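Residue-level listing of the chains:
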Amino acid sequence: SLFGGACALLGKVSEGAWIELGESLLDRFPAATVSQVIKQREVLENSQTGVMQKIYAVKVLLGREEYKPLRDALGRFDGLLEQAIQWSDLVRGSRNAIHFGAIPPVPNTYESVAVLLLAAHQHLGLLYRIRARVLS
């Protein structure tokens, strides 16, 4: 259906935003402690790793002490990040409906897909604001 196609595209965008954020966090990580984030690098670089594993790898990176100033600068960071994770998980579930026999947690209707699309600006915007701060 058209709704499934929209969710597939939105899922690709969401996954890409998380991966780009994770890569930027890894690229800016202090060289002296880079061995401490090998697992997160492997998760982000493995094409067979699920999107939620990649998201949690990014969350672990953001939670490290090295990024405390970044979290502080963003204000209500923890709540906003959790909301972005929840939204991404809903998108993932809706996107997975393209697989034969898969049933999304929330049926892909005009209303549910519209809510996901309308929320994309808020959640993807957060990810790209964090990334911009990391790169600056």
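Up top you'll find the structure we're talking about.
Residues numbered from 1 in each chain as written. Predicted model: local features only at pLDDT ≥ 70, side-chain atom pairs only at ≥ 80, totals over all residues. Heavy atoms only, no water.

Enquirer: Outline the overall build of the protein chain, listing residues and values.
Expert: Of the regular secondary structure elements, the protein chain holds 6 helices and 0 strands. Traced from its N-terminal end to its C-terminal end, the protein chain shows the element sequence α-α-α-α-α-α. Taken over C-alpha atoms, the radius of gyration comes to 16 Å for the protein chain, in line with the 14 Å a tight globule of 136 residues would show. For the protein chain, the C-alpha atoms occupy an extent of roughly 50 × 30 × 20 Å along the three principal directions. Across the 136 residues that make up the protein chain, the buried fraction comes to 42%. Counted over contacts in the protein chain with a minimum sequence separation of 6, partners at least 24 positions apart contribute 70%. Summing over all exposed atoms, the protein chain offers an accessible surface of approximately 7800 Å²; the carbon and sulfur share of this is 58%. (Helix = DSSP H or I, 4+ residues; strand = E, 2+ residues; numbered from the N terminus. Rg over C-alpha atoms; globule rule 2.2 N^0.38 Å. Buried < 20%, exposed > 50% of the residue type's maximum accessible area, 1.4 Å probe, protein only. Contact = heavy atoms within 4.5 Å. Areas by Shrake-Rupley, 256 points an atom, 1.4 Å probe, with all protein chains shown as cover.)

Enquirer: I'd like a description of the nonpolar core, backed by residues and values.
Expert: If you look at soluble globular proteins, the nonpolar side chains tend to sit buried side by side. Counting residues in each nonpolar core, the largest one holds 37 residues, and the members touching the most others are Trp18, Leu25, Leu62, Leu70, Trp87 and Ile130. Of all the elements in the fold, those that place two or more residues in this core are helix 1 (2-27), helix 2 (38-45), helix 3 (51-63), helix 5 (77-95) and helix 6 (110-135). At 9 residues, the largest contribution of residues to this core is made by helix 6. Beyond its immediate sequence surroundings of up to four residues, Trp87 is in contact with Leu10, Ser14, Leu116, Ala119, Ala120, His123 and Leu124. (Core = buried A, V, L, I, M, F, W, Y, C linked by side-chain atoms within 4.5 Å.)

Enquirer: Give me the environment of Leu127: which residues, what numbers.
Expert: By the element assignment, Leu127 lies in helix 6. The spacing of Leu127 and Tyr110 is 17 residues in sequence and 26 Å in space, taken between C-alpha atoms. Among all residues touching Leu127, those that are not within four sequence positions of it are Ala17, Trp18 and Leu21.

Enquirer: Outline the pattern of salt bridges, listing residues and values.
Expert: Scanning all chains against the criterion turns up 5 salt bridges. Among the ionic pairs, Glu82 bridges to Lys59, the shortest N-O distance being 2.5 Å. Residue Glu82 is found in helix 5, and its partner Lys59 is found in helix 3; the two are separated by 23 residues along the sequence. Its relative accessible area of 31% is what places Lys59 among the partly exposed residues. The partner of Arg64 in a salt bridge is Glu66, with the nearest N and O atoms 3.3 Å apart. (Salt bridge = Lys/Arg side-chain N within 4 Å of Asp/Glu carboxyl O.)

Enquirer: Talk me through the environment of Ser94; I want residue IDs and the actual numbers.
Expert: Among the structural elements, Ser94 can be located in helix 5. Along the primary structure Ser94 and Gly11 are separated by 83 residues, whereas in three dimensions their C-alpha atoms are 8.3 Å apart. If we skip the residues at most four places from it in the chain, Ser94 touches Cys7, Pro104, Pro105, Val106, Asn108 and Leu116.

Enquirer: Can you explain the packing of helix 1 against helix 5? Please cite residues and give values.
Expert: In the contact formed by helix 1 and helix 5, the axes pass within 8 Å of each other and the chain directions differ by 140 degrees. Overall, the two elements helix 1 and helix 5 adopt an arrangement that is oblique. Seen from above, helix 1 lies across helix 5 with left-handed handedness. Here Cys7, Ala8, Leu10, Gly11, Ser14 and Trp18 of helix 1 come into contact with helix 5, specifically with Leu81, Ala84, Ile85, Trp87, Ser88, Val91, Ser94 and Arg95. (Axes fitted to C-alpha atoms, helices over the stretch in contact; angles between N-to-C directions. Parallel < 35°, antiparallel > 145°, perpendicular 65-115°, else oblique. Left-handed = near helix turned anticlockwise from the far one by under 90°.)

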